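# Residue-level structural notes
Listed here are the chains, written in short residue letters.
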Amino acid sequence: MNNSIAKEKIVSLRKKRSLEDMRFKYYGFTAMCLSLAVLVFLLYTIFSKGYTAFQKTIVLLEVDYNQEVLKLTPDSSDEDMEKGKFFRVKKQAIENFFPDLSKSDIKLVKKLFSINVDKEIKDYFLDNPEVINTKQQIWVTAHSDVDQLLKGNSRRDVPEDRRKLNDIQLSYVDQLVEENRVKQVFNNFFFTKADSRHPEIAGVAGSFMGSLFTLFTVFILSFPIAIGASVYLEEFAPKNRITELIEVNISNLAAVPSIVFGLLGLGVLLNVFGLPRSTPLVGGSVLALMTLPTIIIACRASLKAVPPSIKEGALAVGATKTQAVFHHVVPLALPGTLTGTIIGLAQALGETAPLIMIGMIAFIPNIPTGLTEPSAALPVQIYLWVESAERGFQEKSAAAIMVILIFLFMMNAIAVFLRNRFERKW
Amino acid sequence: MFFWSLVLIAVGIFSSFIYGRSRIKLNSKKQGTKSKSLPNYYAQYVLMWCLFPALIVYFSWAIFQEQIIQNIVISNFEYIEGAVYNEGLLLAEIRNVANNLSFADGKSIEIINAAAHYSSLRQISQISFYTSIIIIMLLGALYASQKLKPEFHAQHTIEKYIQYILIFCSSVAIFTTIGIVFSLIFESLRFFAEVSIFEFLFSTEWYPFIPIREGQTAAEGSFGAVPIFAGTFLVMVVAMCVAAPLGLLTAIYLAEYASQRVRKIVKPLLEILAGIPTIVYGFFAFVSVAPFVKAFGQSIGIDASPTSALAAGMVMGVMIIPFISSLSDDVINSVPQSLREASLGIGANKAETIKKVILPAALPGIVGAFLLAISRAIGETMIVVVAAGTAPNLTGNPFENVTTVTVQIVVALIGDQEFDNPRTLSAFALGLVLFVITLFLNIIALQIVKRYRERYE
């Protein structure tokens, strides 16, 4: 009797224990799935918010290139053509955009077009000067408000005073859609233009170039210094207090918040050395100091992976230590150090806070062409667009995030490729 | 200018190399003895004596040229009696006129004069830059070529120089730390000269307004950073509440339960999560999580702020999940297999083994991982800059708007940076606090992890 009760107890206890075991396993499984679900949700959010930015809305506009309005003649020189009165042509085109527009309506119609339309009308004419004195149907860029409305990013059912477009403008847009005078095409501006106050003509080209220049500076500074430092620490450094200090220093620097490096750049590079503000040169120097520990740690690991027999072999045939290290060990460790450097660069590419500190947050409407020119950087551009009140910038920021993520993905792919292609197993 | 000077230096070192090589061959032929090192080492010797002086000149020009020119221009500027000048704006204007960025007409005569002065100084500086680079390279090569004798041990000297270069490279890390510490302390001292340190650390009023005009009495700034520290702490706690369980359980699952295949897929995915730039998390918090938190707050009857600590903290937690999981994974994996086997051998099941044996054994390492994660969370900037508020608020309610140390640093330094007011300098004081706290956490964490490792080795 007693025996069977005890047995039952044991069985139920075992059941309970194995249930507990199962439950614990599923806790772990759920936690892992949750973490991954967040990743999926994050990527989904970015994609769903951002893919519309790759399209822009264009409107068909009839432009009358009348020579009197333009104050040009068919045989004007190129220089004179530059100075043609295109804004008058545009004004006329807008006045005749819909039949019988009153003065106040014209103002409303004008707001359906991008500020870039003047330039587009002019460029079309400069490309085809023979169109003088003819009427041309040109597709021109629509204003961001129209663009957002047609993409469904801004809603039309909110009260009129909280909308960018009022009821009359909405009816105009509807009419355009009905008459097929508006369509969506690939947004080339996004890839060819720099930042702008107007969302429809803002692009990532400027900040992308800025990021490239910054990364170039990071690479030029951090790669040789990291290799030098790791070769010294791995191969030459005597085991003493100073070496230990350097090592502790490097591991602590790796964990210093990035914003503190920004303060270093501001306090030392800008204020003491007087380097030019907002430039890739300063941004790159700060990021190089920041990524240096990461790269050094990777370099040291790959130097360590080279078997000592190689160095010893070189020493045995009479090479000096320097020769053995630089002719034999370093070349073998190079793929590993390159992989580490690329990973460090990827980290530097996404870093925002230090760049804000050194003033790369300034509004730069042109594409930089050198290291010492003020420029933006991709992550800072994203920040500026996220913070912007204008609705049209939100899709831009998501699209810029896509650009930066693709860029990061490519860098990591290169690093993995290098590692797989050149890494030797000893 | 600097591109062409690089070309010049490249040409210089190339020709010095060729020169050194042919010179030593010639010399040894003349004396009829073999040189002690290979000719290439003599060439490298000449090259180094050419390159490094040139680089020093190059960098000192790059760093100091603009400042010196500006100082000369400003000190020779013909100030008009009675007019008030802002030095920074004045310089910008002079530079713009000199670079033809803004048209000269409409500017006053003294600015045009100064711009002309500026351009002429720039020209002088360029010419003297090129001449001094050429002269210094020639001098270097001349000095080196005197040593090009067969009995000179070039290889030893070169190897000594290489050692010096390597030592310099490794000391960059130390210079960086010194730079950080000194710039933070120096600017913080300037801040504490105007604001008492006790007010900064213990007062609860943070109104970093400073009088814009002289004699303006309405705004007297007060710099009590307690609400900022409290906000940072609150966001950090929320983040750890998300990241600690998720990260630790993920690590346990991956280390103890998951098959090799699952590990192979999940680990790179978590690495992706770790590699995503923080501004992307900020965007995510701003467009997805913050509206969700607000809606959730409304549904349970709490009025949540659109920049709540909860939204920022949750996303920050997601950011540090991979950090915690990979560190904890390492720690759990380094618990010796014998402990596991002993526990399983006396009949414990897996969950019991993990809870009663592995986790206690791994506890120091896990604590170290958490401390590192906390230091990460405190220093994180972009998520909170985008998703948390800018107004200080002393509260424990995560649905309310709070601000953090990093946000205040960014806020203080965005916009015009005049280094003479406490508002700007407060960024450095806050940065100093941040630096000290994260450094402290790191040192403790690294110590704990190190001791833990030693225990099982």
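Quick caveat: nothing in here was measured; it's all calculated off a predicted structure. (Residues numbered from 1 in each chain as written. Chains lettered and ligands numbered in written order. Predicted model: local features only at pLDDT ≥ 70, side-chain atom pairs only at ≥ 80, totals over all residues.)

## Comments concerning the overall build of chain A
Tallying secondary structure elements over chain A gives 18 helices and three strands in all. Its C-alpha atoms give chain A a radius of gyration of 31 Å, clearly above 22 Å, the size a compact globule of 426 residues would have. Seen through its C-alpha atoms, chain A measures out along the principal axes to roughly 95 × 85 × 40 Å. Burial analysis of chain A (426 residues in total) assigns 44% to the buried set. Excluding contacts between residues fewer than 6 apart, the proportion of contacts in chain A whose partners are at least 24 apart in sequence is 76%. (Helix = DSSP H or I, 4+ residues; strand = E, 2+ residues; numbered from the N terminus. Rg over C-alpha atoms; globule rule 2.2 N^0.38 Å. Buried ≥ 20, exposed ≤ 12 C-beta atoms within 10 Å, placed from the backbone. Contact = placed C-beta atoms within 7 Å.)

## Notes on the overall build of chain B
Each helix and strand in chain B was counted, giving 15 helices and two strands. Relative to a compact globule of 457 residues, whose C-alpha radius of gyration would be 23 Å, chain B shows 31 Å and is clearly more extended. Taking the principal axes of its C-alpha atoms as reference, chain B extends roughly 90 × 75 × 40 Å. Buried positions account for 41% of the 457 residues belonging to chain B. Sequence-distant contacts in chain B: of pairs separated by 6 or more residues, those separated by 24 or more amount to 75%.

## Considerations on the domain arrangement of chain A
Residues and elements named next belong to chain A. As far as domains go, chain A holds domain 1 (2-51), domain 2 (54-193) and domain 3 (205-422). Elements that contribute at least two residues to the side of domain 2 that touches domain 3 include exactly α7 (144-150) and α9 (189-192). Residue composition of the side of domain 2 that touches domain 3, grouped by class: three nonpolar, five polar and two charged. (Domains from an automatic or database assignment. Nonpolar A, V, L, I, M, F, W, Y, C, P; charged D, E, K, R; others polar.)

## Some details on the interface of chain A and chain B
Taken residue by residue, the interface counts 70 residues in chain A and 71 residues in chain B. With 19 residues, the top contributor of residues to the side of chain A that touches chain B is helix α1 (residues 2-50) of chain A. Class assignment for the residues of the side of chain A that touches chain B results in 46 nonpolar, 19 polar and five charged.

## Observations regarding the nonpolar core
Residue and element names in this part refer to chain B. Ranked by size, the top nonpolar core spans 193 residues in total, and within it V235, A285, A312, V315, I383 and A387 carry the most contacts. Here this core gets 18 residues from one element, more than from any other, and that element is helix α7 (residues 226-257). Those residues within four positions of V235 in sequence are excluded, and the remaining contacts are A309, A312, G313, M316, V384, A388, V402 and T404. (Core = buried A, V, L, I, M, F, W, Y, C linked by C-beta atoms within 7 Å.)

## A short note on the confidence of the model for chain A
In the predicted model, chain A carries a mean pLDDT of 89, and the fraction of residues at 70 or more is 100%. Looking across chain A, the model is least confident in helix α3 (residues 78-82) of chain A, with a mean pLDDT of 77, and most confident in helix α14 (residues 308-316) of chain A, with 94. (pLDDT = per-residue confidence, 0-100.)

## Some points on the environment of I414 of chain B
With respect to the secondary-structure elements, I414 of chain B resides in the loop between α14 (405-413) and α15 (422-455). In this structure, the C-alpha to C-alpha distance between I414 of chain B and T424 of chain B, residues ten residues apart in sequence, is 9.2 Å. Ignoring anything within four residues of it in the chain, the contact list for I414 of chain B reads I356 and I361 of chain A.

## Brief notes about unusual backbone geometry
Positive phi outside glycine occurs at N180 of chain A, with the angle close to 60 degrees. One can find N180 of chain A in the loop between α8 (167-178) and β3 (182-186).

## Points about the pairing of strand β1 (residues 55-64) of chain A
Residue and element names in this part refer to chain A. Judged from the five bridges that link them, β1 and β3 form a sheet pairing that is antiparallel. By the bridge assignment, V59 is partnered in β3 with V182. Relative to strand β2 (residues 135-141), β1 is paired through seven bridges, and the arrangement is antiparallel. Bridging across to β2, E62 finds its partner in Q137. (Pairing = 2+ DSSP bridges.)

## With respect to the confidence of the model for chain B
Averaged over all residues, the pLDDT of chain B is 86; the fraction at 70 or higher stands at 91%. The ipTM for the predicted assembly is 0.91, set against a pTM of 0.89.

## As for the sheet that holds β1 of chain A
Residues and elements named next belong to chain A. The strand order β2-β1-β3 describes an open sheet built from three strands, whose pairing is antiparallel. Either end of the sheet is taken by a strand with one partner, and the two such strands are β2 and β3. Direction aside, the axes of adjacent strands within the sheet are offset by 40 degrees on average. (Axes fitted to C-alpha atoms, helices over the stretch in contact; angles between N-to-C directions.)

## A few points about the packing of α1 of chain A against α7 of chain B
It is the contact of α1 of chain A with α7 of chain B, at a shortest axis distance of 8 Å, that shows an interaxial angle of 115 degrees. As for the relative orientation of α1 of chain A and α7 of chain B, their crossing is left-handed in sense. Contact residues: α1 of chain A offers K25, Y27, G28, F29, A31, M32, L34 and S35 of chain A, while α7 of chain B offers P245, L246, L249, T250, I252, Y253, L254 and Y257 of chain B. The residue makeup of the contact of α1 of chain A with α7 of chain B, split by class, is twelve nonpolar, three polar and one charged. (Left-handed = near helix turned anticlockwise from the far one by under 90°.)

## Considering the environment of D167 of chain A
Residue and element names in this part refer to chain A. Its location among the elements puts D167 in helix α8. Judged by the 10 C-beta atoms lying within 10 Å of it, D167 is exposed. C-alpha separation for the pair D167 and P331, spaced 164 residues apart in sequence, amounts to 70 Å.

## Overview of the packing of α1 of chain A against helix α8 (residues 260-275) of chain B
With their axes 10 Å apart at the nearest point, α1 of chain A and α8 of chain B run at an angle of 50 degrees to one another. In terms of orientation, α1 of chain A and α8 of chain B fall into the oblique class. Seen from above, α1 of chain A lies across α8 of chain B with left-handed handedness. Here α1 of chain A contributes M32, S35, L36 and L39 of chain A to the contact with α8 of chain B, which in turn contributes V266, L269, L270, I272 and L273 of chain B. Of the residues in the contact of α1 of chain A with α8 of chain B, the class split is eight nonpolar, one polar and no charged. (Parallel < 35°, antiparallel > 145°, perpendicular 65-115°, else oblique.)

## A closer look at helix α13 (residues 280-305) of chain A
Residue and element names in this part refer to chain A. Across its 26 residues, α13 extends 35 Å between first and last C-alpha, which sits within 8% of the 38 Å expected from 1.5 Å per residue. Along α13, the sharpest kink reaches roughly 40 degrees, centred on T291 and followed within four residues by the proline P293. Burial runs high along α13: 22 of the 26 residues are buried. (Expected span 1.5 Å × (residues − 1). Bend = angle between axes of the 7 residues up to and from the residue.)

## As for the environment of R156 of chain A
All names here are of chain A. Relative to the helices and strands, R156 resides in the loop between α7 and α8. Overall, the presence of 13 C-beta atoms within 10 Å leaves R156 in the partly exposed class. Taking the C-alpha atoms as reference points, R156 and L170, 14 residues apart in sequence, are found 8.2 Å from one another. Beyond its immediate sequence surroundings of up to four residues, R156 is in contact with L149 and L170.

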